[in-house]
Each structure stands twice: as structure tokens, then as C-alpha cells.
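# Coordinates in review
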Amino acid sequence: MPLAPKTLISICFILIGVSLQAQQLLPQKGKEPGFHPKFNKEFVQSHRIKEIKVEMNVKRDGDKIRPTGDREIYRFSREGKLEMIRSTTSAYADTGFTFYFYAGTRLDCEMKNDASGMFSYCYIYTDDGYIAERKFGRTERFEQIERAADPRELPEISTEKYTYRRYENQVHGTLYNSANRPYQNETWYYDENGYLTQYLKSFVMSSGREKETYSYNEQGWLATRTVEIDRTPYSWEYIYDKVGNLIEEQKFQDENELYHKEFVYDPKTFILKAELSREDKQAQIRIVNYSYTYY
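Residues numbered from 1 in each chain as written. Predicted model: local features only at pLDDT ≥ 70, side-chain atom pairs only at ≥ 80, totals over all residues. Heavy atoms only, no water.

What follows covers the overall build of the protein. Counting secondary structure elements, the protein contains 2 helices and 18 strands. Within the protein, the proportion of its 295 residues that are buried is 39%. If you sum the accessible surface of the protein, you get close to 16,700 Å²; carbon and sulfur atoms cover 48% of it. (Helix = DSSP H or I, 4+ residues; strand = E, 2+ residues; numbered from the N terminus. Buried < 20%, exposed > 50% of the residue type's maximum accessible area, 1.4 Å probe, protein only. Areas by Shrake-Rupley, 256 points an atom, 1.4 Å probe, with all protein chains shown as cover.)

Below, the structure written as C-alpha cells:
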């Protein structure tokens, strides 16, 4: 018999402590423009976190906890800015890297690797923080990937541009390809308090579309998110503690729960220790453990 969601934490109680304090994870958001890292820069800086190591494990019903071989490392500057994500998966022999570069407080470029080499996206912004240009560059793989070069020195392949029209409580954006032809439209709808309530994306040359709607709790945190991609609906529900820590997340397709996730924090430092996700269809619990190194 599958375990009830409320029993997820108890099975790992000997491994991790429980606390419902602090905001290491940035509050959930709708699909707003801009760069939204997973971890709160101010929290990372104040706790002098240098690296966060993430290890994935799985516990199938009737079996013991087993590692999946999937790992991630998040590396931060002393100012708390995300500098690198290193990802290793059991499905691929290669390791993926993403490097982040900044101009002041804004993301300037991100650079990644794939089987063909290195590629980058660099950004130019409008005065109010929307992306005005996105430049794509590519080069062959570096001999030492972790010694990332300046991404703006990569040979430029193409540049896409955005234009925006602003109305009361709405922003309409159009994305143009490198031939300066429009191919994607986006619309953001806000309420009178500035909360994002709906996001729409469509393509000029096809019927492909995406729609997201949002609702908020009394404290102003995102409570529900509903996504419809080509008429396939998914929804998420979020629960927080009194200071805004995310403590539970559920995902549904129609009314069928796909997973129930709980977040576990250290009671003394308020640092995230684990995520526990019950997946009934797979008859298993997915366990994500976090460990840290410091400056």
C-alpha cells in the first residue's frame, strides 16, 4: 500500500532534522520575464555558502533507499550570486555545465556545454528590466570546461530581438528571429496590486500555445499555478510556513496527483536539508539530499 503523503518525512527522520523556517528557496513565481534562480542570493551570502551539493536517491515500496547516480553542484560567489551548475546524470556519461555571468545585478550571459561544444546566450535589457536582445554564440569544446571563457567572445551565430507594448495591467511582447521576422507572442496580465495573474504564449506560424494562470494566498505567496500546453492541463499547489518557506508542493494532471513533495529544513540553521517526493504511480519516494561547503 502506498504511504500517505504525511508519512514522507518520518521515513527519513533519522537522516535529517525538521524545521519550517527561513527562505533559502526563492518564493515561487509565475512565468515573469527575467532570470529566477532557485536559491535566494541574500540567504546564500549571509550564510557564506560556497557550494550546494545535491544527490538524488529513490526508495521503492518494500526496498531500501538507493542512490540514482544523479547529482548537481551549485557554486556561488561570496556575494551569493550563482556562478555555476554542474549536473551529472546516470543516463548520460557526460557532465553538463552552466556558467552565469552578470552585469551589476542582472544576468549578462549564460554559457553551457553539449555534445558539439560550448554555446552561450547573452542579453541586453530595456530600462524596466525586460529582455530586449538575446544573442546566441557557439564554439568548440574547451579543453578545460570549468575554466569558462568570456561568453561574449564566443562567435555570434544569431540575435533575436523583443519589442513590447504596455497597457493598463498588461504587457504584450513579440519575439523576432535573426531575420527580423516575428515568430512568438507573449502576454503578461497583472492585477491592481501588481501580482501576475496570467501568462500567454503563442507562435505566429503554428497553433502551438501555452497558458498559465496564478492565484495567491493571504500573505501574497503563489498558492496555485495552472499550466495548459497544447490543451494538456497541469496544476501545482504550494503551501508555506508563516515566514514564507515552501514546505509542500503538489502536482496534478487533471485531478490525478502526479507527486506530493515536502521540504525539510535544519532546525538550527534553517538550511534546506532534503526534498521528499511521493510518486504513487511509480510506487516510490524520491529523496533529494543537500550538503554544503562554506567560505
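Considering all chains together, one arrives at 1 disulfide under this definition. Residue Cys109 pairs covalently with Cys122 via a disulfide, S to S 2.1 Å. Between Cys109 and Cys122 the disulfide shows an S-S torsion of about 115°. By sign, it is right-handed. Here Cys122 lies in strand 6 (residues 117–125) and Cys109 lies in strand 5 (residues 106–114), a separation of 13 residues in the sequence. With respect to class, Cys109 is no different from Cys122; both count as buried. (Disulfide = S-S within 2.5 Å.)

Before going further, it helps to examine unusual backbone geometry. You will see that Arg48, though not glycine, has its phi angle at about 55°, which is positive. Checked against the element boundaries, Arg48 lands in the loop between helix 2 (41–46) and strand 1 (49–60). Positive phi, normally seen in glycine, also occurs at Phe270, with a value near 65°. Within the secondary structure, Phe270 sits in the loop between strand 16 (256–265) and strand 17 (272–279). A relative accessible area of 32% means that Phe270 is categorised as partly exposed.

Here we take up the pattern of salt bridges. What the rule picks out here adds up to 17 salt bridges. Notably, a salt bridge pairs Arg75 with Glu51, separated by 3.1 Å at the nearest N-O pair. Taken together, the residues Arg75 in strand 2 (residues 66–76) and Glu51 in strand 1 connect sequence positions 24 residues apart. Here Arg75 falls in the partly exposed class, since its relative accessible area comes to 26%. (Salt bridge = Lys/Arg side-chain N within 4 Å of Asp/Glu carboxyl O.)

Geometry only, nothing functional implied.
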